[in-house]
Amino acid sequence: MRILITGVAGFIGAHLAEKLLKEGNEVYGLDIMLRGNKNNIGEFESHKNFNFFESSILEEAALEILIKKCDLVYHLAAAVGVENIIGDILKVISINVDGTKNVASLAFKYKKKVIFTSTSEIYGKSPNVPFKEDDDRLLGPTSVDRWVYSSTKALGEYMLIGYHRQGLPMSIVRFFNAYGPKLDIEGSGRVMSRFIVQALANKQITVIGDGKQTRCFTYVEDVIKGLVKCAVLKEAEGQIFNIGDSKEITILELAKIIKKVTGSKSEIVHIQPEEIYGSGYEDISRRLPDVSKAEKILDFKAKIGIEEGIEKTIEWFRKNKESANA
Ligand code: UDP
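Residues numbered from 1 in each chain as written. Predicted model: local features only at pLDDT ≥ 70, side-chain atom pairs only at ≥ 80, totals over all residues. Heavy atoms only, no water.

**Some details on the nonpolar core**
And step 1. Core analysis: the largest hydrophobic core is formed by 62 residues, its most contacted members being I5, I12, L16, Y74, M192, L227 and I310.
And step 2. In this structure, I310 is in contact with Y179, M192, L254, I257, I258 and V261, ignoring residues within four places of it in sequence.
And step 3. Residues L4, I57, Y163 and L168 belong to the second largest nonpolar core, which totals 23 residues. (Core = buried A, V, L, I, M, F, W, Y, C linked by side-chain atoms within 4.5 Å. Buried < 20%, exposed > 50% of the residue type's maximum accessible area, 1.4 Å probe, protein only. Contact = heavy atoms within 4.5 Å.)

Pasting the structure below:
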């Protein structure tokens with residue numbers, strides 16, 4: 001099969017490309033290389049079935065050629081990460097809304113199936129955990145930058161749903177704090193990378209607030225399994241799935257696990273979010289998926305436990321230490 005991955009050099013894109021190449025597919029990868037890391041695709045860049053294009057989803061002409069050529073599109077390219085989102089809301093809107101419009105409308109034009117990667121951020125700060133795909137969403141005010149990400153991803157979902165009603169084959173997946181090797185070492189603000197980098201450097205591990213806020217960290221291998229199943233199962237078409245681990249942990253627990261696994265001398269400290277993000281930040285106190293739909297239709301269940309996943313992730317961070325210590 002010929003498969004296009006937008007955002008191929010990002011953390012999830014690179015893992016997905018590797019998996020699809022192993023399965024014998026021809027992979028076309030698009031990435032603007034801004035956040036996408038060249039090292040991420042280094043291991044398979046010269047693979048005979050891998051074709052890389054350094055371009056943006058905002059460049060319609062290049063995108064059209066690729067979508068026309070491929071049988072299936074995984075649309076992963078997006079502005080992600082709290083640190084990147086706060087302060088640059090216009091960029092987020094442009095990539096996540098205009099870019100997704102380009103992908104969805106061209107896929108519709110050429111009748112190509114799209115798997116759209118959305119986010120658990122869709123549910124915002126709703127207190128009704130665990131979140132089911134059709135649950136209500138609760139977002140904060142537009143004066144808080146954070147919510148632009150959820151809003152733009154929701155518009156992306158609406159676009160896919162709208163085109164689906166006119167015949168576009170598609171599925172939507174919502175990820176829950178995916179992590180693993182190749183996670184951005186710097187610049188994303190993601191807690192997992194921040195804590196690992198801090199622990200490896202024996203610097204303070206910065207827990208925001210009391211650390212009682214929770215997340216369900218999902219190892220990338222599990223994420224990819226869910227993603228691929230969405231594309232191959234007919235029953236997944238037109239559906240939205242939570243793809244996440246059901247094990248909920250607090251951020252303070254995460255800090256302790258990372259400290260233990262790295263054998264770090266770091267002190268765990270509590271800070272205010274403004275120290276990292278300035279204003280425009282609001283936290284989510286609990287985030288937990290209901291995965292019964294993915295279990296039933298995709299036979300999806302996250303299998304890699306947090307300690308094992310963190311060990312594998314830390315191993316990768318250690319090997320890429322130069323930039324981790326920068
Ligand atoms: N967080 C933290 N210390 C940091 C960075 C983040 O305690 O140095 C917390 C953050 O407040 C949030 C959680 O970790 O409660 C997850 O943050 P992240 O930005 O990774 O992703 P989110 O799940 O909020 O989208």
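**A word on the side chain of E133**
And step 1. Examined against the element boundaries, E133 turns out to sit in the loop between strand 5 (113-119) and helix 6 (147-165).
And step 2. An unpaired buried charge is present at E133: no salt bridge exists, and K293, the closest side chain of opposite charge, is 5.3 Å distant.
And step 3. Polar side-chain contacts of E133 include one of 2.8 Å to the backbone nitrogen of N242.
And step 4. Those residues in contact with E133, other than ones at most four positions away along the chain, are Y123, R174, I240, F241, N242, D290 and K293. (Helix = DSSP H or I, 4+ residues; strand = E, 2+ residues; numbered from the N terminus. Lys, Arg positive; Asp, Glu negative; His and termini not counted. Salt bridge = Lys/Arg side-chain N within 4 Å of Asp/Glu carboxyl O. Polar contact = N/O pair within 3.5 Å; in protein donor to acceptor, adjacent residues only side chain to side chain.)

**Here we look at the packing of helix 5 (residues 89-110) against helix 6**
And step 1. The geometry of helix 5 relative to helix 6 is characterised by a closest axis approach of 9 Å and an angle of 10° between their N-to-C directions. The angle between helix 5 and helix 6 places the two elements in the roughly parallel class. Along the contact surface, helix 5 presents I89, V92, I93, N96, V97, T100, K101, A104, S105 and F108, while helix 6 presents V148, Y149, T152, L155, G156, M159, L160 and Y163.
And step 2. For the contact of helix 5 with helix 6, a count of residues per class yields twelve nonpolar, five polar and one charged. (Axes fitted to C-alpha atoms, helices over the stretch in contact; angles between N-to-C directions. Parallel < 35°, antiparallel > 145°, perpendicular 65-115°, else oblique. Nonpolar A, V, L, I, M, F, W, Y, C, P; charged D, E, K, R; others polar.)

**Quick look at the site of the ligand**
And step 1. The environment of the ligand is made up of 20 residues, and the closest members are V191, R194, T206, R215 and D283.
And step 2. Between the ligand and the protein, one listed contact pairs an oxygen atom with a side-chain N or O atom of R146 at 2.9 Å.
And step 3. One nitrogen or oxygen atom from the side chain of R215 is found 2.6 Å from an oxygen atom belonging to the ligand.
And step 4. In the complex, 95% of the free accessible area of the ligand, which totals 520 Å², lies under the protein chains.
And step 5. Listed by contribution, the elements that provide at least two residues to the shell around the ligand are helix 7 (191-200), strand 8 (205-208) and helix 10 (274-277).
And step 6. Taken together, the residues of the shell around the ligand break down into nine nonpolar, four polar and seven charged. (Near = heavy atom within 4 Å. Areas by Shrake-Rupley, 256 points an atom, 1.4 Å probe, with all protein chains shown as cover.)

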